[in-house]
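Inside the fold
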Amino acid sequence: MAKSKAEGTVTIKDIAAMCGVSISTVSNVLNGKTNKVSEDVSVRIRETVEKVGYKPNYLAKSLRAVSTKTIGVIVEDLIVFSSAAIIEGLMNCCDEHGYNVVIENMRLNGRWHGKWMHDSALYHEALSPVLTKMESLNTDGILYVGGHEHNVTGLETSKDLPIVMAYSITNDKKIPIFRLDDENGGYEAVKYLMKHGHKKIGVLGGEFDNTHTINRMVGVQRAFYEAGELFNPSLVVYCQWNFEGGYEGMKKLLDRDISAVFCMSDAIAAGAYEALKTAGKTPGENFSVIGYDNQEIASYVYPRLTTMALPLEEIGYQAASKLIDMCENPSKYSEEQADRDTKIASVLIERASVKENY
């Protein structure tokens with residue numbers, strides 16, 4: 001006969017599921033941190049614990065109290081262009097502090113392309129075993145590396161490990177996040193075009209509901225507002241974040257009275273180049289283009305592309321630095337963190353694709 005949960009195999013994860021609460025909530029109650037939990041929830045958890053005969057594994061707790069100086073890194077997908085640079089930054093930080101790194105690649109895009117972004121069950125099917133694996137490896141903490149900025153849920157472990165996020169966000173106020181200052185990036189890109197005399201500026205954004213697109217558009221509008229110029233929504237075209245998206249998007253802007261275009265990725269800008277040249281316009285001479293990302297393609301197109309460089313290594317470094325501090329000084333991070341959201345600015349790289357327009 002199979003052994004029942006009540007006979008000793010019950011885990012803190014089971015208790016959380018039975019009570020309909022998070023693992024961290026159960027952990028708080030069991031560790032006497034009831035000020036974080038409502039009275040009725042606390043009572044429900046304690047009654048469930050008593051009913052099923054749950055016994056905390058104190059041996060496991062004592063083993064976890066000994067630092068392994070190992071950070072677990074969960075990457076949504078290593079093939080995403082941003083991941084390698086973020087990992088390079090966090091590795092540099094860990095090397096400086098004498099920490100080992102274990103990397104787990106969920107391969108979300110490689111396995112499911114974009115489907116996982118709209119399927120919560122599929123996403124958590126990939127995340128859950130990875131979190132369990134990081135616990136089994138006795139990592140001191142977890143650094144989650146997103147492939148793009150989106151809201152992540154379910155980032156909790158039965159061991160209540162410290163977690164930090166890089167290049168994505170979460171509503172869990174105990175988890176620090178390190179991300180791009182996309183609003184400032186959009187602002188600086190358009191401000192640069194205006195500094196060169198451009199007032200009629202088109203925008204080729206990514207998908208309209210993408211967080212990067214939304215935040216960069218806020219910066220675009222702020223630049224127009226501060227310059228006292230009218231922002232024209234009809235000069236904005238949303239497209240895919242690739243060459244084809246830029247090509248088709250630029251064709252839609254060709255009949256509009258603009259002298260410059262802000263492209264929200266370098267791949268979009270490369271597509272815009274092709275559409276402009278097909279229409280008899282020359283980037284950097286009779287039309288100006290500014291990109292975003294500073295990917296290799298920015299140096300390969302002609303003329304070389306002026307763009308915004310992403311601070312990816314800095315994001316990785318700062319995220320790892322925060323996680324190491326959380327591992328070594330847990331008492332500093334026992335409560336929700338009001339200043340947990342760190343935005344890091346992109347840097348303008350001037351090349352030859354923006355001309356004066358006076």
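Structure: above.
Heads up: these notes are all about the structure in this document. Values in this document were obtained by computation on a predicted structure and should not be read as measured data.

Here the focus is the packing of helix H5 (residues 81-97) against helix H13 (residues 312-328). Interaxial distance between H5 and H13 falls to 7 Å at its minimum, and their mutual angle equals 40°. One finds that H5 runs oblique with respect to H13. Once H5 is placed against H13, the crossing between them reads as right-handed. Every residue of H13 that contacts H5 at Phe81, Ser82, Ala85, Ile86, Glu88, Gly89, Leu90, Asn92, Cys93, Cys94, Glu96 and His97 is listed here: Leu312, Glu313, Gly316, Tyr317, Ala320, Ser321 and Ile324. For the contact of H5 with H13, the residue count by class is 10 nonpolar, six polar and three charged.

In this section: the packing of aromatic side chains. For the structure shown, the criterion picks out four aromatic pairs. Look at phenylalanine 262 and tyrosine 292: their rings are 6.1 Å apart centre to centre, the planes differ by 50°, and that puts the pair in the tilted class. On the criterion of sequence distance, the pair formed by phenylalanine 262 in strand E8 (residues 260-263) and tyrosine 292 in the loop between strand E9 (288-290) and helix H12 (297-300) is long-range, its members being 30 residues apart. Both residues of the pair, phenylalanine 262 and tyrosine 292, count as buried. For the cation-ring pair, arginine 216 lies above tyrosine 292, with the distance from its terminal atom to the ring centre recorded as 3.8 Å. Taking NZ or CZ as reference, arginine 222 lies 4.0 Å from the ring centre of tyrosine 187, over its face.

Relative to the helices and strands, serine 353 resides in the segment after strand E12 (347-349). At a separation of 2.5 Å, a polar atom in the side chain of serine 353 contacts the main-chain carbonyl oxygen of valine 289. In this structure, serine 353 is in contact with Tyr273, Gly284, Phe287, Ser288, Val289, Pro303, Arg304, Leu305 and Thr306, ignoring residues within four places of it in sequence.

Residue proline 303 follows tyrosine 302 across a cis peptide bond; omega there is -5°. Among the structural elements, proline 303 can be located in the loop between H12 and strand E10 (307-309). You will see that lysine 69, though not glycine, has its phi angle at about 50°, which is positive. On the basis of relative accessibility, which here comes to 32%, the residue lysine 69 falls in the partly exposed class. Located in the positive-phi region is asparagine 138, a residue other than glycine, with phi close to 55°. Relative to the helices and strands, asparagine 138 resides in the loop between helix H7 (120-136) and strand E3 (141-145).

Burial of E3 is extensive: five of the five residues sit out of reach of the surface. Side chains Gly141, Leu143 and Val145 of E3 all project onto a buried face; the interleaved residues Ile142 and Tyr144 project onto the opposite face, where all are buried too. The sheet contact formed by strand E1 (residues 70-75) and E3 spans five bridges and is parallel. Its bridge partner lying in E3, valine 75 is registered against valine 145. Looking at chain direction, E3 and strand E4 (residues 163-166) are connected through four bridges and run parallel. Note that in E4 the partner of isoleucine 142 across the bridge is isoleucine 163.

Each value, and the rule that gives it
- Residues numbered from 1 in each chain as written.
- Predicted model: local features only at pLDDT ≥ 70, side-chain atom pairs only at ≥ 80, totals over all residues.
- Heavy atoms only, no water.
- Axes fitted to C-alpha atoms, helices over the stretch in contact; angles between N-to-C directions.
- Helix = DSSP H or I, 4+ residues; strand = E, 2+ residues; numbered from the N terminus.
- Parallel < 35°, antiparallel > 145°, perpendicular 65-115°, else oblique.
- Left-handed = near helix turned anticlockwise from the far one by under 90°.
- Contact = heavy atoms within 4.5 Å.
- Nonpolar A, V, L, I, M, F, W, Y, C, P; charged D, E, K, R; others polar.
- Phe/Tyr/Trp six-rings, centres within 6.5 Å; stacked < 30°, edge-to-face > 60°.
- Buried < 20%, exposed > 50% of the residue type's maximum accessible area, 1.4 Å probe, protein only.
- Lys NZ or Arg CZ within 6 Å of the ring centre and 35° of its normal.
- Polar contact = N/O pair within 3.5 Å; in protein donor to acceptor, adjacent residues only side chain to side chain.
- Pairing = 2+ DSSP bridges.

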